[in-house]
Amino acid sequence: MKRGNSEYVFLIALIVALGGLLMGFDASVISGVVGFIKVEFNLTTLQLGWSVASLTVASTMAMFVAGPLSDRFGRRAVLRIAAILYATSAVASALAPDYNTLVIARMIGGFGVGASLILAPLYIAEIAPKDKRGRLVSFNQLNIVIGISLAFFSNYWILQLGKSDAAWVQDLGIDQNNWRWMLGLEALPAILYFFGLFMVPRSPRWLMMKGNNEEAQKVMSRVAGQEKALEELDRIRKNIEEDSKVEKTSLAELFKPGLRLVITIGIVIGILQQITGINAVFFYAPMIFEQSGLGTDAAFMQAILVGLVNLVFTILAILFIDRFGRKPLLTYGVAGITISMLVLSYGFNKATYSLDEQAIASLEYKIQVAAAEEGEELKDFAEWTEAEKATLVQESKFKPMLAKDFNDGDLYLAEVAALMPDLDMESHRQDFLNSAIHLNTYLILVALLAFVASFAISIGPVMWVLFSELFPNRIRGIAISFVGVINSLVSTIVQFVFPWELETIGSSLTFLLFGLFAFVGLIFIIRSIPETKGRSLEELEKILIKED
């Protein structure tokens, strides 16, 4: 491929892969918002979980229709619609006056996520020359990870910007509506994506499917060069003819006895990738760090580290997957997940709870804010003098807590409730825990980053490579769709129940459960999953598929 052609196809892939970046951003930006909307809309833990999980539900539904719609109207056209959905979701989320509107806005974005998840890599695969296809398609996955990191960074940046005394910050209301700006910022890259897609040609494969061979040849010549264009178009034509002859596979065929092993592997790996808690970490990272006793600023800063570690180890996975093989990465990665989660459970289990004067003053202030009448404004706590804070402590009903230390969070909360029986403990429960907890924050941070690194270099990216190799050609499409839906369903459940788990059974037991799930998955990987590296698809089919 000539240099000019190479630069052009790279530019096209870059523009289309922006859909992956938007997907990662849209999914993870909620991590910085959950703490604010819980207070703003007075949400229960299950409502909070649904505000996060609703996007995944919508994206799963979109996966069912994105493919057929793109076959009818074109990949580029549907991606433009996805860009509009992203922008609409960002603006509607930022302006949401109530909880229900916010959820609807998030689900609109979810339809964009589902469409771009399917179509961005599909388009790149269809337009890229065969010798560049693997690298350019993986570029989309890399952009998803970059989008996740950008979401963590932009959340922190907006949080810090809101503390600025600059007049324009006050005029734009960034200080009072930081969470709205976190969600609304996505509109900018979404608009850029929409207009950028006008520079993208229509897919040559789709054009040939529609009988527009002349335009398909022009596009392919621009992408691959005149010499290779005819060769690529001939390959596409033969592939379309073969696809038209293949009988459609029904879902029932997946459950034939001969396919039992391969579909079991698919289901177990699809569940394992999500049930170990990765999206709980990505979508609730600041909340987890705040539960370890860190302040809001520090919690958001640590979330940036989560995104960066995820990015670095995803790149390493791309580099190592063909060198070391799939099974070694899965084995050592899931072992790392297991150990990390058990360490997290241990770290939170060893926590102690006690209140100092600063914590009591802060809690009293939060109680006053919650009890303030509509329209009543209280001076920001950061502006209170030490004398004013000392007065709060002296007048506080929690002052007797100064001399007490607890090894159990529930006992500590029971003591708090006894001192102030009229207080709504449900709405203040997490504030009391976060203010009093004392644990090894360094251990928690290292374990959480180790978990993300272990996931990013193993089951995160390896799962999709494994699926493309394990399933025989005649059932590959429907099998990947089937396990993909299961994967999304488990992801939705984890996101939905995670805040409830933290409140009901506590951080230690929640992470212990994730660790136990990972351990069971590790045993399955060691015993049941073959190494697919260096084996042809036909060879793997002989090993895995038993004739009925």
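What counts, and at which threshold
- Residues numbered from 1 in each chain as written.
- Predicted model: local features only at pLDDT ≥ 70, side-chain atom pairs only at ≥ 80, totals over all residues.
- Heavy atoms only, no water.
- Helix = DSSP H or I, 4+ residues; strand = E, 2+ residues; numbered from the N terminus.
- Buried < 20%, exposed > 50% of the residue type's maximum accessible area, 1.4 Å probe, protein only.
- Contact = heavy atoms within 4.5 Å.
- 1 Å grid on protein atoms, 1.4 Å probe; cavity = no way out; pocket = protein on both sides within 12 Å on 5 of 7 lines; lining within 4 Å.
- Points joined across faces, edges and corners; volume = space filled by probe spheres on them.
- Nonpolar A, V, L, I, M, F, W, Y, C, P; charged D, E, K, R; others polar.
- Axes fitted to C-alpha atoms, helices over the stretch in contact; angles between N-to-C directions.
- Parallel < 35°, antiparallel > 145°, perpendicular 65-115°, else oblique.
- Left-handed = near helix turned anticlockwise from the far one by under 90°.
- Phe/Tyr/Trp six-rings, centres within 6.5 Å; stacked < 30°, edge-to-face > 60°.
- Lys NZ or Arg CZ within 6 Å of the ring centre and 35° of its normal.
- Salt bridge = Lys/Arg side-chain N within 4 Å of Asp/Glu carboxyl O.

1. Remarks on the overall build of the chain
In step 1: Summing up its helical and strand segments, the chain has 25 helices and two strands in all.
In step 2: Burial statistics for the chain: of 548 residues in total, 53% are counted as buried.
In step 3: Residue pairs at least 24 apart in sequence account for 80% of intrachain contacts in the chain once pairs closer than 6 positions are excluded.

2. Re empty space enclosed by the protein
In step 1: Going through the model one piece at a time under the given rule, you end up with one cavity of 30 Å³ or more.
In step 2: Put simply, the largest cavity is a space of about 30 Å³.
In step 3: In terms of lining, the largest cavity is formed by Asp 26, Val 29, Ser 89, Ala 90, Ser 93, Arg 106, Leu 183 and Glu 186.
In step 4: Among the elements that make up the lining of the largest cavity, the one with the highest residue count is helix H4 (residues 75-95) (three residues).
In step 5: Grouping the constituent residues of the lining of the largest cavity by class yields three nonpolar, two polar and three charged.

3. Things to note about the packing of H4 against helix H5 (residues 99-127)
In step 1: Contact geometry of H4 with H5 gives a least axis separation of 8 Å together with a crossing angle of 150°. Comparing their axes, H5 and H4 come out roughly antiparallel. For the pair H4 and H5, the crossing hand works out as left-handed.
In step 2: Here the residues of the contact of H4 with H5 are counted per class, giving 16 nonpolar, six polar and three charged.

4. A few points about the packing of aromatic side chains
How two aromatic rings sit relative to each other is given by the distance of their centres and the angle of their planes.
In step 1: One pass over the structure, following the stated rule, counts eleven aromatic pairs.
In step 2: Geometrically, the ring pair formed by Tyr 284 and Phe 498 is tilted, given 5.3 Å between the ring centres and 40° between the ring planes. Of this pair, Tyr 284 sits in helix H14 (residues 278-291) while Phe 498 sits in helix H23 (residues 473-504), and the two are 214 residues apart along the sequence. When sorted by exposure, Tyr 284 lands in the same class as Phe 498, which is buried.
In step 3: Grouped by ring-pair contacts, the aromatic residues Tyr 284, Phe 348, Phe 498, Phe 511 and Phe 514 constitute a single cluster.
In step 4: For Arg 80, the ring lying beneath its charged end belongs to Phe 198, and the centroid distance is 4.0 Å.
In step 5: Of note, Arg 222 hangs over the ring of Tyr 8, and the distance from its end group to the ring centre comes to 4.0 Å.

5. Some thoughts on the pattern of salt bridges
In step 1: Going through the model one piece at a time under the given rule, you end up with six salt bridges.
In step 2: For Asp 26, the salt bridge goes to Arg 106, with nearest N and O atoms at 3.6 Å. Of this pair, Asp 26 sits in helix H1 (residues 3-28) while Arg 106 is found in helix H5, placing the two residues 80 residues apart along the sequence. Accessibility assignment for this pair places Asp 26 and Arg 106 in one class, buried.
In step 3: Here Glu 214 and Lys 218 are joined by a salt bridge, their closest N and O atoms 4.0 Å apart. Placement of the pair is Glu 214 and Lys 218 together in helix H11 (residues 213-224), with a separation of four residues, close to one helical turn. For the pair shown, Glu 214 and Lys 218 are each scored as exposed.

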